[in-house]
Amino acid sequence: MKKRVVITGLGPVTPIGIGKEGFWDSLISGRSGAKNIDFETVDMDQYNSKIACSIENFSLTDFIERSKDSKYLGRTSQFAIAGAKLALEDAGFTLEPVIVERGPKSYVIKDENSSNVGVILGVGSQNMDLCEKSFYRFIKSNGPSRVSPFALPHAQICAVAVNVTVKFGIKGGAFNVSTACASSNHAIIQAYKQILSGDEKVIVTGGADACITPFVFGGFVALNAMSTRNDEPRKASRPFDRDRDGFVMGEGAGIIILEELEHALERGAKIYCEMTGYGATSDAYHITVPDPGGEMQARAMQDAMRRAGAAPEEIDYINAHGTSTALNDPVETTAIKNALGKHAYNVPISSTKSMAGHLIGGSGGIEAIATALMFERKKIHPTINLDHPAEGCDLDYVPNEPREKTITKAISNSFGFGGQNASILFERYE
């Protein structure tokens, strides 16, 4: 009998709410997390964009006890650990604190074989706060004398998944996937395939990123990719709107628990929805610009439907990549039309990024959480700041107000730099 895979736990750590209730309240209320930011170490006059969806007053000790290694953790790792704890607890796992010999205070998942659990996370960048701080110290001292010996191990992309395994005693397969803005969706796809193959029963997946740092933020400023609506931060992220002028960067983590269905049923887990299909393609076109025809974005959605055995007419919601950029919005719209045909005009579509901003590698994770909650609560969150649809953007983007709807089949899109496309298909669990 073919294995089935379901979502049983949600762990959002976002600029508009930490934990599923706070996150949901902001989504359904249309609340933006955008605000003005300031980098104390650089001249902000060089930045034409001065807004982001940052998470204020975040402390890892609100989720786990302080340990000797806490001070070495990068912000991306911290977000991922917090999101993993929220997701594991939401999935009904009991976490027992333990002291690891010669190591930090950690947790074990009670009544669960640690090798049955894996960690596959999407991270678009890495712990860039550590990289930038360490490089600054290296340059200032003209060598490595002031650089921490823990800086390099904790700065690596793989450190994010590793730190989650260490904190929760997880001994199954663990690694990170890095495909820019599509990282979370690619991680979820890999987790899905790994459960189907029988390698693990439970996988902590989704993604995290913390790119609101002087260099990474400055790099996107140099690309002229971000909004410069500095006087109206909450109105800056405007997916599919005529007056959009770029995306708003966010940070945080969207961690979900993917679980083999029989395993979930045996332990009486709550099931949000089922994952039944995926598509992953490449534009092979340009390092930053999507293929204007949207051919391979459409193919990703079509492959997801084919693998799920779903017809285009059965799709009744799409969580769009929806970045609020001149390049992405019309291309994604074209791709949806190509994938769904005439039915595209009947499908409600919304952009989580209109409120939470663009979490880069973490975006697909929080968008999977948003979609799972919409299945459960029978409401579609809006795309805010959509007042005048842009040319080429003529579909139903659920502007500004939430909508009552029972969703049966939904697609969540993530499209990254380099033309890396990943679409996931979720279904109401029956």
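Let us look at the structure shown here. Every value quoted in this text rests on a predicted model; they were computed, and no experiment measured them. (Residues numbered from 1 in each chain as written. Predicted model: local features only at pLDDT ≥ 70, side-chain atom pairs only at ≥ 80, totals over all residues. Heavy atoms only, no water.)

## Details of the overall build of the protein
(1) Moving on: Regarding its fold elements, the protein presents twelve helices and 17 strands.
(2) Moving on: The C-alpha extent of the protein, read off along each of the three principal axes, is 60 × 60 × 40 Å.
(3) Moving on: Every one of the 430 residues in the protein was classed for burial, and the buried ones make up 60%.
(4) Moving on: In the protein, the share of contacts with a sequence separation of at least 24, taken over all contacts with a separation of at least 6, comes to 78%.
(5) Moving on: Carbon and sulfur atoms provide 49% of the accessible area of the protein, an area that totals close to 16800 Å².
(6) Moving on: If you average the places of the 44 positive and of the 51 negative side-chain charges in the protein, the two averages end up 4 Å apart. (Helix = DSSP H or I, 4+ residues; strand = E, 2+ residues; numbered from the N terminus. Buried < 20%, exposed > 50% of the residue type's maximum accessible area, 1.4 Å probe, protein only. Contact = heavy atoms within 4.5 Å. Areas by Shrake-Rupley, 256 points an atom, 1.4 Å probe, with all protein chains shown as cover. Lys, Arg positive; Asp, Glu negative; His and termini not counted. Charge placed at Lys NZ, Arg CZ, Asp CG, Glu CD.)

## Observations regarding unusual backbone geometry
(1) Moving on: Of note, the phi angle at Ser324 is positive, near 80 degrees, even though the residue is not glycine.
(2) Moving on: Its identity is not glycine, yet Lys378 carries a phi of approximately 55 degrees, on the positive side.
(3) Moving on: Structurally, Lys378 is set in the loop between helix H12 (363–377) and strand E14 (379–380).
(4) Moving on: Exposure remark for Lys378: the relative accessible area of 41% places this residue in the partly exposed category.

## What about helix H10 (residues 328–340)?
(1) Moving on: With 13 residues, H10 extends 18 Å from end C-alpha to end C-alpha; this agrees with the ideal 18 Å at 1.5 Å per step.
(2) Moving on: Considered for burial, the residues of H10 that qualify are Asn328, Asp329, Val331, Glu332, Thr333, Ala335, Ile336, Ala339 and Leu340.
(3) Moving on: Taken together, the buried residues of H10 touch helix H9 (295–308), strand E12 (317–319), strand E13 (349–350) and strand E16 (409–416).
(4) Moving on: Two residues or fewer after H10 comes Gly341, characterised by a positive phi angle close to 65 degrees. (Expected span 1.5 Å × (residues − 1).)

## Thoughts on a positive patch on the surface
(1) Moving on: Residues Lys133, Arg137, Lys140 and Arg146 make up a contiguous surface patch of positive charge.
(2) Moving on: In this fold, Arg137 is placed in helix H3 (residues 128–141). (Patch = residues over 30% accessible without salt bridge, like charges linked within 9 Å, V, L, I, M, F, W, Y side chains within 5 Å. Salt bridge = Lys/Arg side-chain N within 4 Å of Asp/Glu carboxyl O.)

## Remarks on the packing of helix H1 (residues 20–29) against H12
(1) Moving on: For the pair H1 and H12, the least separation of the axes is 11 Å and the interaxial angle reads 80 degrees. Looking at the two axes, H1 sits roughly perpendicular to H12. Along its contact with H1, which presents Lys20, Glu21, Phe23, Trp24 and Leu27, the element H12 presents Ile366, Ile369, Ala370, Leu373, Met374 and Arg377.
(2) Moving on: A per-class count over the contact of H1 with H12 returns eight nonpolar, no polar and three charged. (Axes fitted to C-alpha atoms, helices over the stretch in contact; angles between N-to-C directions. Parallel < 35°, antiparallel > 145°, perpendicular 65-115°, else oblique. Nonpolar A, V, L, I, M, F, W, Y, C, P; charged D, E, K, R; others polar.)

## Observations concerning the pairing of strand E1 (residues 5–14)
(1) Moving on: Burial of E1 is extensive: ten of the ten residues sit out of reach of the surface.
(2) Moving on: As defined by bridge partners, E1 adjoins strand E11 (residues 273–282) across three bridges and the pair is classed as antiparallel. Paired with Ile7 across the bridge in E11 is Cys273.
(3) Moving on: Strand direction decides the pairing type here: E1 and strand E10 (residues 251–260), joined by eight bridges, are antiparallel. Bridging from a neighbouring strand, Leu10 pairs with Ile256 of E10.
(4) Moving on: When E1 meets strand E2 (residues 17–18), the two strands line up antiparallel, connected through two bridges. Its bridge partner lying in E2, Thr14 is registered against Gly17.
(5) Moving on: The antiparallel pairing of E1 with E2 creates a hairpin that spans two residues between the two strands. (Pairing = 2+ DSSP bridges.)

## Focus: the packing of aromatic side chains
Any aromatic ring pair is given by two values, namely how distant the centres are and how the planes are angled relative to each other.
(1) Moving on: A complete count under the given rule lists ten aromatic pairs for this structure.
(2) Moving on: Consider the rings of Phe58 and Phe79, whose centres lie 4.9 Å apart with planes at 70 degrees: the pair is edge-to-face. Note that Phe58 is positioned in the loop between strand E4 (51–52) and helix H2 (75–90) and Phe79 in helix H2, a separation of 21 residues in sequence.
(3) Moving on: Take Phe79: its relative accessible area is 0%, and that puts it in the buried class.
(4) Moving on: Between Phe240 and Tyr397, the aromatic rings sit 4.0 Å apart at their centres with planes inclined by 10 degrees, giving stacked as the arrangement. Of the two residues, Phe240 sits in the loop between helix H7 (214–222) and E10 while Tyr397 sits in the loop between E14 and strand E15 (403–404), which places them 157 residues apart along the sequence. Note on accessibility: Phe240 and Tyr397 belong to one class, buried.
(5) Moving on: What links up through ring pairs into an aromatic cluster is the set Phe39, Tyr47 and Phe217. (Phe/Tyr/Trp six-rings, centres within 6.5 Å; stacked < 30°, edge-to-face > 60°.)

## Topic: the nonpolar core
(1) Moving on: Grouped together as the largest cluster of nonpolar side chains are 44 residues, with contacts concentrated most on Ile7, Leu10, Phe23, Leu258, Met275 and Phe426.
(2) Moving on: With eight residues, H12 is the single largest residue contributor to this core.
(3) Moving on: Ignoring anything within four residues of it in the chain, the contact list for Leu258 reads Val5, Val6, Ile7, Ile188, Ala191, Tyr192, Ile195, Lys201, Val202, Ile203, Thr205 and Met275.
(4) Moving on: Membership of the second largest hydrophobic core comes to 35 residues, among which are Phe58, Leu88, Val160 and Ile255. (Core = buried A, V, L, I, M, F, W, Y, C linked by side-chain atoms within 4.5 Å.)

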